Structures are given as C-alpha cells and as structure tokens.
Amino acid sequence: MYLQKMLSCYPRLNALQTFKRAASQGKMPLARAHGKSFAHRSDLRQAKRILVKLGSAVVTRGDECGLALGRLASIVEQVAMLQNQGREMMIVTSGAVAFGKQRLRHEILLSQSVRQALHSGQNQLKDMSLPVLEARACAAAGQSGLMALYEAMFTQYSTCTAQILVTNLDFHDDQKRRNLNSTLHELLRMNIVPIINTNDAVVPPPEPNSDLQGVISIKDNDSLAARLAVEMRADLLIALSDVEGLYDSPPGSDDAKLLDTFYPGDQHSITYGTKSRVGIGGMEAKVKAALWALQGGTSVVIANGTHPKVTGHVITDIVEGKKVGTFFSEVKPAGPTVEQQTEMARSAGRTLASLEPEQRSDIICALADLLTERKDEILSANKKDMEHAVSTGRLSPAMLKRLSLSSSKLNSLSIGLRQIAVSSHDSVGRVLRRTRVANNLELEQITVPIGVLLVIFESRPDCLPQVSALSIASGNALLLKGGKEAANTNRILHELSQEALSIHGVKDAIQLVSTREEVEDLCRLEKMIDLIIPRGSSQLVRDIQRAAKGIPVLGHSEGICHVYVDHEASVDKAIKIIRDSKCDYPAACNAMETLLVHRELLRTPLFDQIIDMLRTEHVKIHAGPKFASYLTFSPSEVKSLRTEYGDLECSIEVVDSMQEAVDHIHKYGSSHTDVIVTENEDTAEQFLQQLDSACVFWNASSRFADGYRFGLGAEVGISTARIHARGPVGLEGLLTTKWVLRGEGHTAADFSEQGSMTYLHENLPVAQVLPGRRTTS
C-alpha cells in the first residue's frame, strides 16, 4: 500500500515541468521576485506560492469535538485545483486536538460502558460523566487520524501530501530552521503539498480559559503561518477563520463595517472584540501576524472559511482577486475607496434630491454649456484614448466608432441635456395620486429618487454626461464605472459634471470609480447600491445580471431586433427601412438582426431589390431553415435564430403570415424592438397589439428605439424587463414613489367595527407637491 501511494506521486513530478513550459509560453505567471507584497487584489492572480492557514473554527465542528468534514473537503478541493494549475500550495492546519478529543471520548465512553455494565448494572449508564481531556493527549491521539484524512482527500485529486510537525523552538535554532526550510522547498519542488501543524503533543499548555476547554491556540497557528510564509517567501497567505474579515469595531455591533482593505497605518482606527469560540488568539493576534507577514513581503487575506454558501470557493475567489475578506496592503490609494465614494454619493444625493427643480435644471444647463465651451479639452482627451485603442488593436471597428467623440456629437449631447433640464421641473415630488381616506386624513403618492445608481458602461464616453444629467434631474446619486479604453475622456467629462454640480454644493453626488475595482465586486455592494444599469455588450449585461444577485438590474442582455416585410409592403419603404435598420449603425442594440419576409414576396422584384441592397451594403446573409429550403444555392444556413450579430450580418427567414411573424419573434426575439412594414393598416394594428416587445414600430426603422429620438433628452439604457420601466429609459424610469399620509391623530382602531370613523376613499385632484411644500385643492 505504501509503495502504491508513493508511485501515485510520480506523475505529479512532471507537473512542475509542465508548469514551467506553460509559464515560458505566457500561459501562466512566472514566479515573481520576492520582497514586496502585492499592491492590489487583482495582482493576487499572479501568486504562485500560497500558504493557506486553517483556524480551529474552520476545521472543527460546532461542538468542538470532531472535524467539519464538509468544509474540509471543499478546502481540499480548492487547494488541489490550484496545485494542479501549477501553483505551489502549503497548508497550516488546526484540528488535531478536536479529532483526538472525539476519538478519546469514544474510547473512554466505550470503556466506561463495559465497566459500568459489569459492575453497576445498566441503570447506572446514564450517570456516567466524562473526564476533562488534556489538550496535549488529545493532539497526540488525533494527529495521525487528521493526517490520514487529509491524505485520503487529496488522493482523490491525484495530489500527494506530506506532514510536518513543528514547535516554536524549531525556529529559534538556526540549524533546525534551515532543515525545515530545505525540507519544505524539496517537497514543493516535487509538487507535494506540505501540511504543517504545531506539535501540540509537546507544546506548553494553553493559558486557562473556561470557554476554550483545552482547544488548540489559534494564536500559535497564526504566528506559525506568518513565520512560515515569510520564511518560504510565499506570495500569499490566506488565513481562514470564522469571521468575514477585519471590522473597524467588534462584529455584531451596530456600526461595525467590514474592511475590504487594511493598511498598516490604520491600526489606531480598529477596536477589537472578543476572541473566537475556539482558540486562545483573536482577531488582534491575526492582525499582528498578518502585518508581520506583510512586512516580510507576503500578501495576506483574512476571510471566513465557515460560511456554507462561500466555503466551496473562498480560496479560489481570493486567488482570482475577488473582494473576499480583508486584504492587507502596504500601498494606500490616494483617493477614497469605492465604498467611501458610494457613501459620499448617497449623502450628496439626498441634498441633490431636496433642491428646487430650478436648481437641478441650472446644474444640467451648466453641464450642457461646459460640453461645448470645453470641447477642445474633451476632444484632446478622446484623441489619446483613440490613439491608444488603435495602437493596441483590441477594439473592433464598431467599438472604435462608439469610443470616438466629435464636435457634432458634443453639440447633440448639449441639446439633449437641455431637454432633460426642462423635464427636471416635473420630476421629484410630483404627485401621482391623491386620496381623502377619511375626514382630515389625506394620502398622496409622490415621485422620489431611487437612491444610488451604479451605471457600468463600455467604450461610450458620451454615456457619462447623458446619465449624469438624468441622475441630476431625478435627484439620484450616481456611481459610474467606465471602460479603461475611455479613461482619459471619462475623467474630463466627470470633472465637468462635478464642476456643474458644485454651483449648488452637491459635487459628490456623482462619483467615477477609477480604482481597480472588478465589476463583479461592485455588484456585491447590495447594501449601498439600489439599482445597476449596464450599458455595453450583451455579454457585459449577462455577466452583471449573474453577479448582481442582491441588486436589481435594469437593462437587456441582447438586442435581437426583427423587421417583418409583409406581402402588402411598399417597395420604397421596405428598402429604406431595412437599410437604415441594419446598416446605419450595425453595432447598436436596436439594429436589425433578423429579416422576416412573407412567403409571397419570394422571387418578386421587391425581394430581389432587398437582396441586391444588402449585398451592395456588404451585409453577410445567413439563411433560416425555411428560407434555405426554397433555394438551390443558398447562403450559409444560420446556426441560431437567436443571434445578435452586432455587425454587417443578418438572418433572413420566410413566414407564411403576419401571425407567424409574431410567433417567430416571440420565440426567437429578445423583446427589444421589432418592426412591421406594410400598407395594410389592419395588419399593422394587429402586429402592434399582439407583439409583446418593449418597442413595436410600423413603417419605421428599428433605429428609432432611442431615448434622444423619443424626446427623453437621453437614456440610461433600454430595458426589456416586465416591471418598472421598458424600452428607452429616461427620467421617468429613474424615479420610484413613496406614500405620504397626513392625519390628525388618526388610528387604525378608529375604523374598526367598534370605531367611530369610516373610510371614504375619495379621489382628489392632483396638484404638484415639491419637497418641503404642500398644496391643497
């Protein structure tokens, strides 16, 4: 058996060579020069040598007697996965005492049961009491079983392990420390995972603590993990415990905030709470160990390894740079964190919402003026972004077109902003409904801002002033995350937005996230952000919809727009509408992706002219199944009728009737924008009524689905959702409502069967109510 286990390790010896080959080809990060910790979370992806410290609370069951096997199995799977990627993994583990305690209690109980049964009879079994077990004896009894469990679990992933037991004395003796270092390096060279533990069978007993009952000291393992990480020049130390990370005050207190990132100079701002349910050390001991490791050049993350929903990916999430736990960094950013930005925006946003409509209009008009007055600065910044994008070659022609700004674009933006400024007079505080519930008891439903909006957009810097103006008009705070390809343009446009906001003292209401925040991490700020609006590719929208599990997302994942040409269509109108819908801006979400043609039009001059026009415009055609069946030599058959091409490509399919066109769109469309071209008014009206899309047009291009073209001034996006707002979303879509009840000491009991009052529910005329004012009819 021993030989078999040894032989199973040999294939792993080739893995290191495989890793080196992959690294030399640029497929994996090469080992970095040690001496300086990573400055940002995203850099953790480069970590090659990683030490994972498992606290007692992570590996121990809630009764502190036995191991949490499910959690341990998840951790082993993640470590093995990273090891198989070519990283060098080490584990510092607790658990021997708990495992030994379980084993010894079982043995003692069994022994006592036999003796009691022989000498005292069965009636005495219930009076048995177990002795207090000494921690070192438990460790001695549990260490072999703990290691056997690790070995069995890692074997499932073709990963070999080795056990190393140490004490503090092993670090004081230079020869022993060199030997330990040499052993660990040799194991890592052979792609074996070292599993290290304090030799608790010989260490001094822990300090007395009535709540700990002899469980292993977490402080010892925290210190051990930090010392080993520095000694072995580890890139990353992941310390897993039973808390989410480091809080600025004791977890559970009302104002406690989890710190995403901790800097050495921030120690004075931390108030430590009680210690863990197991172990002698607490968070203070962890922080001291983490800072010591950080000074030695090892990055550190303290995170929760016991949460059932995240245990299965906590380690891999950390290595991928996701916002998990508390990241220790020596590099403090010059500006505020994204959490601080969000709080600043919310506070200033509440002041913005309380401004008079004329004041919000002034801000938007000022921004509109700045877009034209400072156009040279804007275009200069945009030129830098364009030159960088062209030189790197990372953007498609369609994306480059979205990135580009011009004087005419800025003029159009300015005009659109002034339209929004006019509409801001009738936004916040507008009364939608008034009801006299009873005598001297009136109820009003009033429009109010949603709160804090997060808008994530790609390659379209013109989106920034549009969304900013809509947020100002609706009194919402705004957090903006633009693509790095437009960094220079976004920066100047944001500065202009804040300059305009400053005229009424609400500069911080709009924040631009310029830190290295991942979109997925922003989507986890469910306690701070009220609505996410993605502006970009369908892939971006889908990614955000998946990541934002706790925050509503307003948008559409795809723009699969159809144009149906009926057999009673006008030739000129059909050609004009199809050309504009497909060729004007093929990358837009409102561009036509599928052309539906009535069967009677096949082999007619109209159909021939449509095909000739598409070929002239260099549009690649894909034939739908029915269309292909009519042709001897057809274009390439479409792979899917649910395709958004976003380029000069489209599908053509044949339908037998208007009803079949509607059914096709319901089956394959995305509820974005769909068009009918026909001269039959009855047919058109049936299409408009039956089709369940956000935008439905008759004899007009699909490209009209746009907030500016609808007269909204601008849009934050197009929504295909079934609730709140649909289609191009402007000012109205950024408002919600609240109910205001004005009484004179009324109580619900007054309206009960024994009460003296009855409900009237009388509708009253609606009048405008602004913040701080009240109008009566």
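Here goes a summary of the coordinates provided.

The rules behind the values
- Residues numbered from 1 in each chain as written.
- Predicted model: local features only at pLDDT ≥ 70, side-chain atom pairs only at ≥ 80, totals over all residues.
- Heavy atoms only, no water.
- 1 Å grid on protein atoms, 1.4 Å probe; cavity = no way out; pocket = protein on both sides within 12 Å on 5 of 7 lines; lining within 4 Å.
- Points joined across faces, edges and corners; volume = space filled by probe spheres on them.
- Helix = DSSP H or I, 4+ residues; strand = E, 2+ residues; numbered from the N terminus.
- Nonpolar A, V, L, I, M, F, W, Y, C, P; charged D, E, K, R; others polar.
- Buried < 20%, exposed > 50% of the residue type's maximum accessible area, 1.4 Å probe, protein only.
- Arc of directions from axis to C-beta.
- Polar contact = N/O pair within 3.5 Å; in protein donor to acceptor, adjacent residues only side chain to side chain.
- Pairing = 2+ DSSP bridges.
- Axes fitted to C-alpha atoms, helices over the stretch in contact; angles between N-to-C directions.
- Contact = heavy atoms within 4.5 Å.
- Phe/Tyr/Trp six-rings, centres within 6.5 Å; stacked < 30°, edge-to-face > 60°.
- Lys NZ or Arg CZ within 6 Å of the ring centre and 35° of its normal.
- Lys, Arg positive; Asp, Glu negative; His and termini not counted.
- Salt bridge = Lys/Arg side-chain N within 4 Å of Asp/Glu carboxyl O.
- Parallel < 35°, antiparallel > 145°, perpendicular 65-115°, else oblique.
- Left-handed = near helix turned anticlockwise from the far one by under 90°.
- Core = buried A, V, L, I, M, F, W, Y, C linked by side-chain atoms within 4.5 Å.
- Expected span 1.5 Å × (residues − 1).

Another aspect to go through is empty space enclosed by the protein. Inspection of every chain in the model, using the stated rule, returns one cavity of 30 Å³ or more. Counted as a void, the largest cavity has a volume near 50 Å³. Along its surface, the largest cavity is lined by Lys-53, Asp-222, Ala-225, Ala-226, Leu-237, Ala-239, Lys-286, Ala-289, Ala-290, Val-300 and Ile-302. The set of elements that each furnish at least two residues to the lining of the largest cavity consists of helix 8 (218–231), strand 5 (236–241), helix 9 (283–295) and strand 7 (299–304). Across the lining of the largest cavity, the residue classes break down as eight nonpolar, no polar and three charged.

Look at Ser-671: it is not a glycine, yet its phi comes out positive at around 65°. On the secondary structure map, Ser-671 appears in the loop between helix 23 (658–668) and strand 19 (673–677). You can call Ser-671 buried: its relative accessible area is 15%.

Attention now moves to helix 24 (residues 681–690). For helix 24, every residue scored as buried is listed here: Thr-683, Ala-684 and Phe-687. Taken around the axis of helix 24, the buried residues stretch over an arc of 100°, which confines them to a single face. When the buried face of helix 24 is taken as reference, the exposed residues oriented beyond 90 degrees from it are Glu-681, Asp-682 and Gln-689. Among the residues of helix 24, the N-terminal cap falls to Asn-680, whose side-chain oxygen and the backbone nitrogen of Asp-682 are separated by 3.0 Å.

Across the sheet, four strands lie side by side as 13-12-11-14; this open sheet has parallel pairing. Edge strands, defined here as strands with exactly one partner in the open sheet, are strand 13 (510–512) and strand 14 (531–535). The mean angle between the axes of side-by-side strands here comes to 20°, regardless of whether they run parallel or antiparallel. Bridging between strand 12 (residues 477–482) and strand 13 involves three bridges; their strand directions are parallel. Looking at the pairing, Leu-479 lines up with Gln-511 of strand 13. Helix 11 (residues 338–354) rests against strand 11 (452–457), strand 12 and strand 13 of the sheet, and its axis sits at about 145° to strand 12. Across the sheet, helix 16 (residues 463–474) is in contact with strand 11, strand 12, strand 13 and strand 14; its angle to strand 12 comes to roughly 170°.

To continue, consider the packing of aromatic side chains. Evaluation of the coordinates by the stated rule reveals five aromatic pairs. Measuring from ring centre to ring centre gives 6.4 Å for Phe-697 and Phe-710, while their planes differ by 65°; the resulting arrangement is edge-to-face. Here Phe-697 is found in strand 20 (residues 695–698), whereas its partner Phe-710 is found in the loop between strand 20 and strand 21 (717–719), with 13 residues between them in sequence. Residue class for Phe-697 comes out buried when judged on its relative accessible area of 12%. In this arrangement the basic side chain of Lys-401 is found over the ring face of Tyr-585, its NZ or CZ atom lying 4.9 Å from the centre.

It is worth spelling out the side chain of Arg-402 at this point. Along the chain, Arg-402 turns up in helix 14 (residues 397–403). One buried charged residue, Arg-402, remains without a salt bridge, the closest side chain of opposite sign being Glu-458 at 6.0 Å. Setting aside residues no more than four positions away along its own chain, Arg-402 makes contact with Lys-409, Ser-459, Arg-460, Pro-461, Asp-462, Tyr-585, Ala-587, Ala-588 and Cys-589.

This next bit is on the sheet that holds strand 6 (residues 261–262). With mixed pairing, the eight strands of this open sheet are ordered in space as 3-4-2-1-5-7-8-6. Either end of the sheet is taken by a strand with one partner, and the two such strands are strand 3 (161–166) and strand 6. Looking at chain direction, strand 1 (residues 49–54) and strand 2 (residues 88–93) are connected through six bridges and run parallel. In the sheet register, Val-52 faces strand 2, and the bridge partner there is Ile-91. Against the sheet, helix 3 (residues 69–84) makes contact with strand 1, strand 2, strand 4 (193–198) and strand 5, and its axis sits at roughly 155° relative to strand 2, the strand it touches most. Running over the sheet, helix 7 (residues 174–189) touches strand 1, strand 2, strand 3 and strand 4 and is turned about 165° from strand 3.

Considering only enclosed or pocket space, the second largest pocket measures out at about 840 Å³ in volume. Sorting the residues of the lining of the second largest pocket by element identifies helix 14, helix 15 (407–423), strand 14 and strand 21 as the ones contributing at least two each. Broken down by element, the residue count for the lining of the second largest pocket peaks at five residues, all from helix 15. Split into classes, the residues belonging to the lining of the second largest pocket amount to eleven nonpolar, nine polar and eleven charged.

Along the chain, His-672 turns up in the loop between helix 23 and strand 19. By relative accessible area, His-672 is classed as buried at 0%. Within polar-contact distance, the side chain of His-672 engages the side chain of Thr-673 at 2.9 Å. Ignoring anything within four residues of it in the chain, the contact list for His-672 reads His-556, Glu-558, Gly-559, Cys-561, Cys-589, Asn-590, Ser-693, Ala-694, Cys-695, Ile-718 and Thr-720.

As a further point, take the environment of Lys-101. Among the secondary structure elements, Lys-101 is positioned in helix 4 (residues 96–119). Along the chain, Lys-101 and Gly-142 lie 41 residues apart, while their C-alpha atoms are 7.3 Å from each other.

Take the packing of helix 12 (residues 357–373) against helix 16 next. Contact geometry of helix 12 with helix 16 gives a least axis separation of 9 Å together with a crossing angle of 165°. One way to sum up the angle between helix 12 and helix 16 is to call them roughly antiparallel. The way helix 12 lies across helix 16 gives a crossing that is right-handed. Two secondary-structure elements touch here, helix 12 through Arg-360, Ile-363, Ile-364, Leu-367 and Leu-371 and helix 16 through Pro-465, Ser-468, Ala-469, Ile-472 and Ala-473.

Moving on to the nonpolar core. By size, the foremost hydrophobic cluster in this structure holds 48 residues, and its most contacted members are Ile-363, Ile-364, Ile-378 and Leu-480. Excluding anything up to four places from it in sequence, Leu-480 contacts Val-455, Phe-457, Leu-464, Val-467, Ser-468, Ile-510, Gln-511, Leu-512 and Val-513.

Time to look at the pattern of salt bridges. Summed over the entire model, instances satisfying the criterion amount to 40 salt bridges. Two residues, Glu-520 and Arg-524, come together in a salt bridge whose shortest N-O distance is 3.2 Å. Judged by relative accessible area, which is 29%, Arg-524 ranks as partly exposed. Between Lys-582 and Glu-593 there is a salt bridge; the shortest N-O distance is 3.2 Å. Here Lys-582 is found in helix 20 (residues 571–583), whereas its partner Glu-593 is found in strand 16 (residues 592–598), with eleven residues between them in sequence. The pair Lys-582 / Glu-593 is uniform in exposure class, with both members buried.

Before going further, it helps to spend a moment on helix 7. Between its terminal C-alpha atoms helix 7 stretches 22 Å, which fits the 22 Å expected from 16 residues at 1.5 Å a residue. Of all the positions in helix 7, only Leu-180, Asn-181, Leu-184, Leu-187 and Leu-188 are classed as buried. Taken around the axis of helix 7, the buried residues stretch over an arc of 130°, which confines them to a single face. Measuring from the side-chain oxygen of the N-cap residue of helix 7 to the backbone nitrogen of Gln-175 gives 2.9 Å; that N-cap residue is Asp-173. The first or second residue beyond helix 7 is Asn-191, which carries a positive phi of 60°.

Geometric values such as these leave the question of function open.
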